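Structure assessment
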Amino acid sequence: MYGSPLPPARTNSGSTLHKRNSGECQSQSGHAYGNGAANNNSASYGTPVAPLARPVRTNSVGNKYNRRSSGGSWSVTFVGVVRFSLFVILGLTYLVCNRRVAWVKKQLSLLTEKGGMPRELTSANQLLTQQRRVESDLSRKFNSARADRDAERTKKEKALSALEKTKTDLEEAKKTGRAPKTADDAVTDGMSTLELDSYNKRMTAMTQIAEFLEARIQDISHHDVTEKFGEGPYKVEFQLQFPNPPPGVTESSSFIVEMAPLDEMPHSVDLFLEMVDHKLWDNTAFILNEKHVLQAAAVASNGVTLERKKFEFKDSRLESVAFQEYSSSFPHKQYTLGFAGRPGGPDFYINMLDNSIDHGPGGQSHHALLEDADPCFAKVISGFEAVKNIASVPSLTALDSSSMVMIKSARIVKI
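A few points on the structure. Since we're looking at a predicted model, the values are computed, not measured.

Section: the packing of aromatic side chains
With the rule as written, the count across this model stands at 12 aromatic pairs. Seen in terms of ring centroids, Phe 238 and Phe 272 are 6.3 Å apart; in terms of plane orientation they differ by 40 degrees. Their pairing is tilted. Of this pair, Phe 238 sits in strand β1 (residues 235-241) while Phe 272 sits in helix α6 (residues 266-277); the two residues are 34 residues apart in sequence, bridging distant segments of the chain. For the pair Phe 272 and Phe 377, a centre-to-centre distance of 4.8 Å together with 35 degrees between the ring planes defines the contact as tilted. Highlighted residues: Phe 272 in helix α6 and Phe 377 in strand β7 (residues 376-382), separated in sequence by 105 residues. In this structure, Phe 272 and Phe 377 share a single accessibility class: buried. Taken together, the ring pairs connect Phe 238, Phe 255, Phe 272, Trp 281, Phe 286, Phe 313, Phe 339, Phe 348 and Phe 377 into an aromatic cluster.

Put into structure tokens, the structure is as follows:
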């Protein structure tokens, strides 16, 4: 009913509500409306009701902190279990790894023992060793070949440098009329100034005389050729015979050569045309195959003795050139013809390679006059297969007629 006291609050597990403390209870006890009664629980009209104390939930033992304490114990237990588990896992891992390492060591020791290596591994090891040995040999051969190549290159460079120097000396000697200094050193060594001056004048005069004679001989030869053989070009056909022809080569074949320009090599052209006109090259032969040249010689191939054949050239005053005529405009290129020897003739050769350096000025160092060269007087213009067939005979020799390629005839032709 209005103004009656509130019923008592329910408590946990039959317990009554307790106030937080005695001070709180006193503060919450109200005074009677208008009369100030403090402990009067009976409500009357106009008298305020004392506020209720805040209920506090407790556990069975009445301790509000027991739940928190229980949770902390569970956490400590969980951490301990985890630590123990990790310790067990690490221990097992160590044992397994230790046993695995021991097994690997045992297998390696078996492999290194004599006769303990498996057959496949032994074969692979032998193959690898052999491969390494082959690589080492190839590397050594490569290094040796490279060293030889470098040495050959250095040798050629030195030879080329020497040839260039010789060429310069020869050009200087031609301009001044004096022999190269290197050729004069042995002669002029120890001469006094007066003697050296006299020697130089003498050499200059002799050079001038030689040049005059050479020019005179060339003029006469030029006149003789045009007078006797008419205007050029002049061509000569060689008829060959192979006693034992190589496979695919006919017994008879021929090639044609054309003489050098008459203005360049008049004396050499005149000499060779006169030889042909006198039929001196009939029944001679190619006797030498040096790979870079094929040499024809005045040897007899028809029963005539060698002495008789050489006498025919000498008796005709056609055994050699009067001087080593040479023109830089007509060098010893492939398939050109040149006179052999000093003085050149009567033997001649066909250049199978470019021999411009070896047979040009300064190329024949074994001769006394370094500035001299072999006269180059003609070139092959047709019948190259016949020339190659001569080169295919490896054993050309003047000692055995069955190994020579015969020159049946050589004739001047007009084509």
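Digging into the pairing of strand β8 (residues 405-413)
In this structure, β1 lies alongside β8, joined through 7 bridges in antiparallel fashion. From the neighbouring strand, Phe 238 faces β8, where its bridge partner is Ala 410. Inspection of the sheet shows strand β3 (residues 284-289) paired to β8 by 3 bridges, in the antiparallel sense. Note that in β8 the partner of Thr 284 across the bridge is Ile 407.

Topic: a nonpolar patch on the surface
A contiguous nonpolar surface patch, about 610 Å² in accessible area, is contributed by Trp 74, Phe 78, Val 79, Val 82, Leu 86 and Ile 89. Relative to the elements of secondary structure, Val 79 occurs in helix α2 (residues 66-112). Val 79 gets classed as partly exposed once you look at its relative accessible area, which sits at 38%.

Some thoughts on helix α8 (residues 384-391)
Burial in α8 covers these residues: Ala 386, Val 387, Asn 389 and Ile 390. Along the axis of α8, the buried residues cluster in a sector spanning 155 degrees; they form a single face.

Considering the pattern of salt bridges
Counted by the stated rule, this structure contains 9 salt bridges. Across the pair Arg 149 and Asp 150 runs a salt bridge whose closest N-O atoms are separated by 3.3 Å. You can call Arg 149 partly exposed: its relative accessible area is 45%. Note on Asp 150: relative accessible area 33%, which makes it partly exposed. Three or more residues are tied together by salt bridges with common partners; here these are Lys 228, Glu 274 and Asp 277.

A word on the side chain of Lys 235
Position of Lys 235 among the secondary structure elements: in strand β1. Glu 258 provides the closest opposite charge to the buried, unpaired Lys 235, separated from it by 4.3 Å. When residues no more than four places from it in sequence are discounted, the contact partners of Lys 235 are Ile 256, Val 257, Glu 258, Ile 381, Arg 411, Ile 412, Val 413 and Ile 415.

Reading the values: rules and limits
Residues numbered from 1 in each chain as written. Predicted model: local features only at pLDDT ≥ 70, side-chain atom pairs only at ≥ 80, totals over all residues. Heavy atoms only, no water. Phe/Tyr/Trp six-rings, centres within 6.5 Å; stacked < 30°, edge-to-face > 60°. Helix = DSSP H or I, 4+ residues; strand = E, 2+ residues; numbered from the N terminus. Buried < 20%, exposed > 50% of the residue type's maximum accessible area, 1.4 Å probe, protein only. Pairing = 2+ DSSP bridges. Patch = residues over 30% accessible without salt bridge, like charges linked within 9 Å, V, L, I, M, F, W, Y side chains within 5 Å. Areas by Shrake-Rupley, 256 points an atom, 1.4 Å probe, with all protein chains shown as cover. Salt bridge = Lys/Arg side-chain N within 4 Å of Asp/Glu carboxyl O. Arc of directions from axis to C-beta. Lys, Arg positive; Asp, Glu negative; His and termini not counted. Contact = heavy atoms within 4.5 Å.

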